[in-house]
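One-letter residues, chain by chain:
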Amino acid sequence: MYFRGTVTPLLISRYTATTCLGRGLEPLRDALLAGRSGLKRCDFETVDLDTWIGEVEGVDDETLPAALVDFTCRNNRLAQIGLNQDGFADAVRAASHRLGTQRIGVFVGTSTAGILATELAYRHRDPVTGALPADFRYAQTHNPFSVAAFVQAFFGLAGPAVAVSTACSSSAKAFASAGRMIAAGFIDAAIVGGVDSLCLTTLYGFNSLELTSSHACRPFDRARDGISIGEAAAFALLERVPDSAGDVADDAILLLGVGESSDAYHMSSPHPEGLGARRAMEAALAAAGLSPADIDYINLHGTATPSNDASETRAVGALFGATTPCSSTKGATGHTLGAAGGVEAAVAALALRGGFVPAGANTRNPEPGLAYVLATRTQPVRRVLSNSFGFGGTNCSLIVGRAK
Amino acid sequence: MTTPLRPFPAAFVSGIGVLGPGLPHWPAASAVLAGRQAWKREKTVLVAPELLPAAERRRSVRAVKLALSIGLEAVASAHADATNIATVFTSSGGDGYNCHQLCETLASEDRQISPTRFHNSVHNAAAGYWSIAAGATAPSAVLCAYDGSFGAGLLEALAQVAVDRSPCLLIAYDADYPEPLFATRPVPDAFGVALLLTPEPGATPCGRISAALTEDPADALADAELELLRRSIPAARSLPLLRAIARGTSGRIVLDYLDHARLAVDVVR
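Just so we're clear, the structure is a prediction, and the values are computed from it rather than from any experiment. (Residues numbered from 1 in each chain as written. Chains lettered and ligands numbered in written order. Predicted model: local features only at pLDDT ≥ 70, side-chain atom pairs only at ≥ 80, totals over all residues.)

(A) Spotlight on the overall build of chain B. Of regular secondary structure, chain B possesses 10 helices and 8 strands. At 18 Å, chain B has a C-alpha radius of gyration in line with the 18 Å of a compact globule built from 269 residues. In terms of overall dimensions, chain B has C-alpha extents of about 55 × 40 × 40 Å along its principal axes. Considering chain B as a whole, with its 269 residues, one finds that 60% of them fall into the buried category. (Helix = DSSP H or I, 4+ residues; strand = E, 2+ residues; numbered from the N terminus. Rg over C-alpha atoms; globule rule 2.2 N^0.38 Å. Buried ≥ 20, exposed ≤ 12 C-beta atoms within 10 Å, placed from the backbone.)

Here you go:
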């Protein structure tokens, strides 16, 4: 058992998420309450696969500021759309004014950043020399850091900045890195985010592993047969909790605990018994000083592949039994890969604020062993555990809760 | 710069691994950096560690071989047990050859890419192989800050040691890119450095380090060839720190990090 030191609690003073359900929190909340899915049959770019996707509308119409035009690519356009929702950008500017540009770090999770720009550039190589087009910008588009550099430049921040890239646990683990940097005193606040956008690498890549579904994905359903890839931009502003309890509103959202582990098992399959997943959940509970009975809702990783959901069922069942309400919201948003941890942290915050347990869209006949939620129900929710697991056996669980 | 709220996090360097052009391991690199031995630039030799299971050894790409080799050297030099040590992997990019082949296939008539090629494309491929090879179930952070990736990894590793009060293995590595990517990302060869950082001094500590952001310019290396290496491979931005450790000198050195900030590293023998 690997125990992390004291990082949490931290205040999530502002958060936002843009997914295929729409821009910002409102369409996400509305869809969760209605049990609606934003997935559609794949018509992305020239992709000729029989699969479904979660596409954010109008990404290619977004224009970056003139000074940042070199960052132009689908991923950074999506990042900018995300930053401009729910008053997030204003909250960052206020924090920057209050704390100083050097005291705010940037931690963005992404799996593929703007690799689509490179995929397209490879179609336009010089027929003689093989060179990529002259307007191709590797550093500002394809490199994993491009999205973190873009976010930092967007706000004119001057502190640490980094991309966290652990495949599908990236933006959950971005919370862990940011929390440690605050606890260590390097920074006072952090923009934590997840941005991943549709590209051929992930669509054809997951297809090569026979992990994409030809239906809208059905997490934890007995008939589930793979993922639907989505895209998203989610951000949170993470700060120290004010010393005076009176400065924290009852419905303030706190990051209560983070737990991480590695499977040490296989590059593209989870441990069959979910041992790594279980260790991450246990570590998050230990960090938060909570027991399984304190958790009101579990937002499952729930990708809808046969092996992931079976492994996660065993891990969650071993720790929580079959009583804690749980669901995967990937039937609504698609699997937004490196952005999933950030999106699902926002889902957790919405459930805490709005007092509801969201259903998993598209699931009809769930596997036995868990209290899987098939219809969204209204009930007070004080603490949510959110799971994110990725290729290479990288696991991260977040616990998010209300101040009171 | 704003005055820090508390002392900057510090850690002991308890083990080192290095692999780069003409630098087959830390003892050789140390001799070159201390001025005891001339440097002969030769292509970096990458071998998949025996510790990897056969299937993974067959599938491992250049960046993975590099990361695992230096990590194992650092752990072995400290006689440490890798299974329970948290890791920080940091690299300016994934494996350039793997990426090139993926993009070539996706731009061709037949876009069916190989599953192995796909799983090797994730930025955390090396962390995954490491976890499998070493049986390491402790967490791995996997980072990228382009040319500042070493600095980003050093900050994360120092924060981990300070907050968790347990050892952390920093593995910073970059491998070369083939054309046509090379024209936009001219990384000419593979270089990596691994530092086992611990909250308490190990059996053979190589010094105690702490870091803070600064606007001062980065230190350069007097040797023109080594300076070229420092500037051409992102992980080699660590060389001024390694030189200080090799020479056994205490003092403040400045490493390249981001466009707007460098890292001031205090080294105490």
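(B) Spotlight on the environment of Ala235 of chain B. Structurally, Ala235 of chain B is set in the loop between α9 (224–232) and α10 (239–247). Setting aside residues no more than four positions away along its own chain, Ala235 of chain B makes contact with Ser149, Phe150, Ala172, Tyr173, Asp174, Phe191, Gly192 and Val193 of chain B. (Contact = placed C-beta atoms within 7 Å.)

(C) Region of the structure containing helix α10 (residues 306–320) of chain A. Residue and element names in this part refer to chain A. The first and last C-alpha atoms of α10 sit 21 Å apart over 15 residues, in line with the 21 Å expected at 1.5 Å per residue. Among all positions of α10, only Asn308, Asp309, Ser311, Glu312, Thr313, Ala315, Val316, Leu319 and Phe320 are buried. Buried residues belonging to α10 abut α9 (275–288), β10 (297–299), β11 (325–327) and β15 (383–390). Of the residues trailing α10, Gly321 is marked for its positive phi of about 70 degrees. (Expected span 1.5 Å × (residues − 1).)

(D) The interface of chain A and chain B, seen in detail. Facing 60 residues of chain A, the contacting portion of chain B comprises 60 residues. A per-class count over the side of chain A that touches chain B returns 29 nonpolar, 21 polar and 10 charged. Relative to strand β3 (residues 140–144) of chain B, strand β5 (residues 161–164) of chain A runs antiparallel, the two sharing 2 bridges. Its bridge partner being in β3 of chain B, Val164 of chain A is matched across the sheet by Leu143 of chain B. (Nonpolar A, V, L, I, M, F, W, Y, C, P; charged D, E, K, R; others polar. Pairing = 2+ DSSP bridges.)

(E) Structural view of the packing of helix α7 (residues 170–183) of chain A against helix α7 (residues 149–164) of chain B. Across the interface, α7 of chain A lies against α7 of chain B with an axial gap of 9 Å and an inter-helix angle of 65 degrees. By the angle between their axes, α7 of chain A is roughly perpendicular relative to α7 of chain B. Between α7 of chain A and α7 of chain B lies a crossing of left-handed hand. Touching Ser177, Arg180, Met181 and Ala183 of chain A of α7 of chain A are Leu155, Glu156, Ala159, Gln160 and Val163 of chain B, all from α7 of chain B. Partitioned by chemical class, the residues of the contact of α7 of chain A with α7 of chain B number 5 nonpolar, 2 polar and 2 charged. (Axes fitted to C-alpha atoms, helices over the stretch in contact; angles between N-to-C directions. Parallel < 35°, antiparallel > 145°, perpendicular 65-115°, else oblique. Left-handed = near helix turned anticlockwise from the far one by under 90°.)

(F) Structural detail: helix α3 (residues 88–99) of chain A. Residues and elements named next belong to chain A. Here α3 contains 12 residues, and its C-alpha end-to-end distance of 16 Å stays within 8% of the 16 Å for a straight helix at 1.5 Å per residue. Listed in full, the buried residues belonging to α3 are Phe88, Val92, Ala95 and Ser96. Looking down the long axis of α3, one finds its buried residues gathered within 100 degrees of arc, a one-sided arrangement. Seen from the buried face of α3, the exposed residues on the opposite side, beyond 90 degrees, are Asp90, Arg93, His97 and Arg98. The inward-facing, buried residues of α3 contact β1 (10–18), α2 (74–83), β4 (104–109), α6 (146–155), β6 (189–196) and β8 (232–239). Directly after α3, the chain includes Gly100, whose backbone phi takes a positive value near 100 degrees. (Arc of directions from axis to C-beta.)

(G) Fine view of the confidence of the model for chain B. Residues and elements named next belong to chain B. Confidence in the prediction for chain B averages 94 pLDDT; 97% of positions are at 70 or higher. Below pLDDT 50 for its whole length, residues 1–5 participates in 9 contacts with residues either more than four positions away or in separate chains. Of the two predicted TM-score estimates for the complex, the pTM is 0.97 and the ipTM is 0.97. (pLDDT = per-residue confidence, 0-100.)

(H) Examining the sheet that holds strand β2 (residues 40–41) of chain A more closely. Residue and element names in this part refer to chain A. Strand order in the open sheet made by the 3 strands is β2-β3-β7, with mixed pairing throughout. Only two strands of the sheet have a single partner each, and these edge strands are β2 and β7 (229–230). Here 2 bridges tie strand β3 (residues 52–54) to β7, and the two strands are oriented parallel to one another. Across the sheet, residue Ile53 finds its bridge partner in β7, namely Ile229.

(I) Quick look at unusual backbone geometry. The omega torsion across Thr8 of chain A and Pro9 of chain A is 5 degrees, close enough to zero to call that bond cis. You can see Pro9 of chain A is positioned in the segment before β1. With an omega of 5 degrees, the peptide bond running from Glu179 of chain B to Pro180 of chain B counts as cis. With respect to the helices and strands, Pro180 of chain B occurs in the loop between β4 (168–174) and α8 (181–184). Positive phi is not limited to glycine here, since Glu45 of chain A has a value of about 50 degrees. Mapped onto the secondary structure, Glu45 of chain A falls in the loop between β2 and β3. Given 14 C-beta atoms within 10 Å, Glu45 of chain A falls into the partly exposed group. Even without being a glycine, Ala304 of chain A presents a positive backbone phi close to 85 degrees. Following the sequence through the fold, Ala304 of chain A ends up in the loop between β10 and α10.

(J) Spatial organisation of the environment of Arg103 of chain A. Residue and element names in this part refer to chain A. Here Arg103 is to be found in the loop between α3 and β4. The exposure class assigned to Arg103 is buried, which follows from the 24 C-beta atoms found within 10 Å. Distance from Arg103 to Phe186, taken between C-alpha atoms, is 7.4 Å for residues 83 residues apart in sequence.

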